[in-house]
Amino acid sequence: MDPSQTSKVPVFLFGARGMLAGEFLRLLELHPRLELAAALSREPGTELHRHLANGLCASDPAAAEQALLAHLARGERAALVLALPHGESARAWLALRSKLGQRAEALHVLDLSADFRLRDPALQRATYGHAHPSTDELARFVYGLPELGREPIRGARRVAAPGCFATALQLAVLPAAEARVLDPARPWILHGITGSSGSGNEPKPGTHHPHRHGNLWAYSVGGHRHEAELQQALAPLGPLPELAFVAHSGPFARGIHLAAALPLARPLDTAEARALYRERYRGEPFVEVLADRTPDLRSVTGSNRVSIGVAARGSVLHVLLTLDNLVKGGAGQGLQCLNLMLGFAETAGLPRVGLGVA
């Protein structure tokens with residue numbers, strides 16, 4: 001048997017102290033074809049993520065770089081996962097690419113930050129308030145939402161994983177938008193509630209448990225940056241609608257609950273709408289369209305699964321969606337993309353079963 005079909009691919013993780021990195025490492029322990037080669041953080045030698053079974057300390061950067069160079073010099077495959085904060089990810093990749101030279105082209109690069117998600121430099125600047133450090137590199141990253149289009153991801157060298165709310169927004173809206181059953185002349189109303197893990201690993205007033213517990217509030221009411229990823233997906237379909245998305249901070253750690261009220265362009269009943277979504281997601285390993293119940297968080301948390309409920313009422317299509325922001329909205333989606341990039345089974349290492357109880 002060809003060794004490339006059985007040997008494990010080493011993963012070099014940058015930004016290993018963060019919450020998405022910890023979730024990626026949890027999933028990596030169950031993966032049959034990937035293994036951690038180095039976990040880099042600003043503080044080498046410090047303990048990382050106590051929930052991991054075998055313990056982990058941050059790697060020495062110089063030793064990790066030498067190991068990566070050795071793999072590439074031998075012509076072996078290697079994966080680089082960027083789990084750094086927005087803005088830092090692009091700078092880190094550009095610096096490493098400069099050091100590696102032509103050998104950088106052999107790397108499979110997965111970025112979990114927002115730095116390479118938007119293809120249009122003007123949209124990137126408008127959304128994040130600064131120019132991108134390398135528009136040429138921006139164009140080389142494939143957008144990593146498999147349900148939107150997995151063929152460009154399959155075999156790609158560089159992939160940008162979508163944002164958590166952006167994943168929920170697109171999976172809720174795109175089937176109806178692609179079928180041309182929505183009215184772009186009327187506002188599309190979307191409300192999403194996310195858990196505190198969406199704010200990252202560093203303690204903040206908005207994530208501190210005494211403030212978050214038993215509480216609920218809206219934020220980014222003037223516009224959320226993840227709307228830009230939905231706009232990018234909708235642009236080829238015709239006139240862009242007015243998107244009215246309001247994000248909320250919920251009193252739980254992980255998960256997203258999204259409720260969309262979408263104006264219909266023509267009469268549609270619930271059975272027809274549900275059939276439309278089921279056909280769009282037929283064969284998708286991680287998307288389920290429910291029949292007789294609405295989606296809830298506990299059914300999907302801990303899994304890479306997305307639950308969708310659809311109902312038409314009058315001139316409005318209601319779409320309800322739940323997912324785990326750390327898994328399908330983050331590290332799990334990234335791993336799903338990495339599987340496609342490396343030619344592995346798309347579902348490898350990814351749980352479909354939720355935690356059920358907390």
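Above this text is the structure in question.
This report concerns the structure included in the present document. Quick caveat: nothing in here was measured; it's all calculated off a predicted structure.

Reading the values: the criteria
- As a convention, each chain's residues are numbered from 1 in the sequence order in which they are written.
- Local features in this predicted model are restricted to residues of pLDDT 70 or higher, and side-chain atom pairs are both shown and tallied only at a pLDDT of 80 or more, whereas totals for entire chains, interfaces and linings draw on every residue.
- Note that water and hydrogens are dropped before the side-chain values are worked out from all heavy atoms of the structure.
- Here a cavity means grid points, on a 1 Å grid over the protein atoms only, where a 1.4 Å probe fits yet cannot get out; a pocket means an open set of points with protein on both sides within 12 Å along at least five of seven lines; lining residues are those with an atom within 4 Å of a point.
- Grid points are joined across faces, edges and corners, and a volume is the space filled by probe spheres set on the points.
- Strands are runs of DSSP state E lasting at least 2 residues, helices are runs of H or I lasting at least 4, and numbering of each runs from the N terminus.
- Residues were grouped as follows: Ala, Val, Leu, Ile, Met, Phe, Trp, Tyr, Cys and Pro as nonpolar; Asp, Glu, Lys and Arg as charged; and all remaining residues, including Gly, as polar.
- Any two residues having at least one pair of non-hydrogen atoms within 4.5 Å are treated as being in contact.
- DSSP bridges decide pairing: two strands pair if at least two such bridges lie between them.
- To obtain an axis, a line is fitted to C-alpha atoms, over the contacting stretch when the element is a helix, and the angle between two such axes runs from 0 to 180 degrees between their N-to-C directions.
- To define a nonpolar core, start from buried Ala, Val, Leu, Ile, Met, Phe, Trp, Tyr and Cys residues and group those joined through side-chain atoms within 4.5 Å.
- To sort residues, take the accessible area from a 1.4 Å probe on protein chains only and compare it with the maximum for the residue type: under 20% means buried, over 50% means exposed, and anything in between is partly exposed.
- Working definition: rings of Phe, Tyr and Trp (its six-membered ring) pair if their centres are within 6.5 Å, and the pair is stacked with planes under 30 degrees apart, edge-to-face with planes over 60 apart, and tilted otherwise.
- For classification purposes, an angle smaller than 35 degrees is called roughly parallel, one larger than 145 roughly antiparallel, one from 65 to 115 roughly perpendicular, and anything else oblique.
- If you view a crossover with the strands going away from you and the path from the first strand over the helix to the second runs clockwise, you call it right-handed.

## Here we look at the layout of surface pockets
Over the atoms, a rolling probe the size of a water molecule traces out where space has been left empty. Of the pockets and cavities examined, the second largest pocket occupies roughly 240 Å³. Considering the residues around the second largest pocket, the lining is formed by 13 residues, among which Phe14, Leu40, Glu65, Leu96 and Lys99 are closest to the centre. Those elements that provide at least two residues to the lining of the second largest pocket are β1 (9-14), α2 (61-73) and α3 (88-100). Considering every element that reaches the lining of the second largest pocket, the biggest residue donor is α2, with five residues. Its residues placed into classes, the lining of the second largest pocket shows ten nonpolar, one polar and two charged.

## With respect to the environment of histidine 71
By secondary structure assignment, the location of histidine 71 is in helix α2. Considering only alpha carbons, one finds histidine 71 and alanine 37, 34 residues apart in sequence, at a separation of 10 Å. In this structure histidine 71 touches Pro10, Phe12 and Glu76, once residues within four positions along its chain are discounted.

## Examining the sheet that holds strand β10 (residues 256-263)
Pairing in this open sheet of seven strands is mixed, and the strands run β8-β9-β7-β10-β13-β12-β11 from one edge to the other. Either end of the sheet is taken by a strand with one partner, and the two such strands are β8 (217-219) and β11 (287-289). Averaged over all neighbouring strand pairs, the angle between strand axes comes to 20 degrees, with direction disregarded. The pairing of strand β12 (residues 306-313) with strand β13 (residues 316-323) spans seven bridges and is classified as antiparallel. The residue bridging glycine 309 from the neighbouring strand is leucine 320, located in β13. Together, β7 (188-194), β8, β9 (243-249), β10, β12 and β13 form the strand contacts of helix α6 (residues 164-178), whose direction differs from that of β10 by roughly 35 degrees. Sheet strands touched by helix α9 (residues 270-280): β10, β11, β12 and β13. Its angle to β12, the strand with the most contacts, is close to 150 degrees.

## Topic: the nonpolar core
Ranked by size, the top nonpolar core spans 43 residues in total, and within it Leu182, Trp188, Leu262, Tyr277, Ile308, Leu317 and Leu321 carry the most contacts. Top element by residues in this core is α6. It accounts for eleven residues. Not counting the four nearest positions on each side in its chain, tryptophan 188 is found in contact with Val173, Ala177, Leu182, Asp183, Leu234, Pro241, Glu242, Leu243, Ala244, Ala261, Leu262 and Pro263. One finds Ala39, Val142, Ala156 and Leu342 within the second-largest nonpolar core, a separate group that totals 36 residues.

## Some remarks on the packing of aromatic side chains
This model, assessed by the stated rule, comprises two aromatic pairs. Seen from their ring centres, phenylalanine 116 and phenylalanine 141 are 3.9 Å apart, and the 10 degrees between their planes marks the pair as stacked. Of this pair, phenylalanine 116 sits in the loop between β4 (108-111) and α4 (121-128) while phenylalanine 141 sits in the loop between α5 (135-138) and β5 (142-143); the two residues are 25 residues apart in sequence, bridging distant segments of the chain. Exposure remark for phenylalanine 141: the relative accessible area of 4% places this residue in the buried category.

## Examining the pairing of β12
β12 sits mainly inside the fold: six of its eight residues count as buried. Pairing between β11 and β12: three bridges, direction parallel. Across the sheet, valine 287 pairs through a bridge with valine 306, a residue of β12. With antiparallel pairing between neighbouring strands as the criterion, β12 and β13 make up a hairpin whose turn holds two residues, including glycine 314 at a positive phi of roughly 65 degrees.

## Things to note about the sheet that holds β4
Spatially, six strands are ordered β2-β1-β3-β4-β6-β5 in an open sheet, and the strand pairing comes out parallel. Each of the sheet's edge strands pairs with one partner strand only, and the pair in question is β2 (34-40) and β5. Bridge count between β5 and strand β6 (residues 158-160): two bridges; the pairing is parallel. Note on β6: the bridge partner recorded for valine 142 is valine 159.

## Quick word on the packing of α6 against α9
At a closest axis distance of 10 Å, the pairing of α6 and α9 adopts a crossing angle of 105 degrees. Between α6 and α9, the angle is such that the two are roughly perpendicular. Side by side, α6 and α9 meet where Leu171, Ala172, Val173, Pro175, Ala176 and Glu178 of the first sit next to Leu276, Tyr277 and Arg280 of the second. For the contact of α6 with α9, the per-class residue count stands at seven nonpolar, no polar and two charged.

## Details of the pairing of β4
Where burial is concerned, the two faces of β4 agree: the one with His108 and Leu110 and the one with Val109 and Asp111 are both buried. Looking at chain direction, strand β3 (residues 79-82) and β4 are connected through four bridges and run parallel. Within β4, the residue paired with alanine 79 across the bridge is histidine 108. For the segment spanning β3, α3 and β4, crossover handedness is right-handed. Two elements, β4 and β6, share three bridges in a ladder whose sense is parallel. Each residue of the ladder has a partner; that of leucine 110, found in β6, is valine 159.

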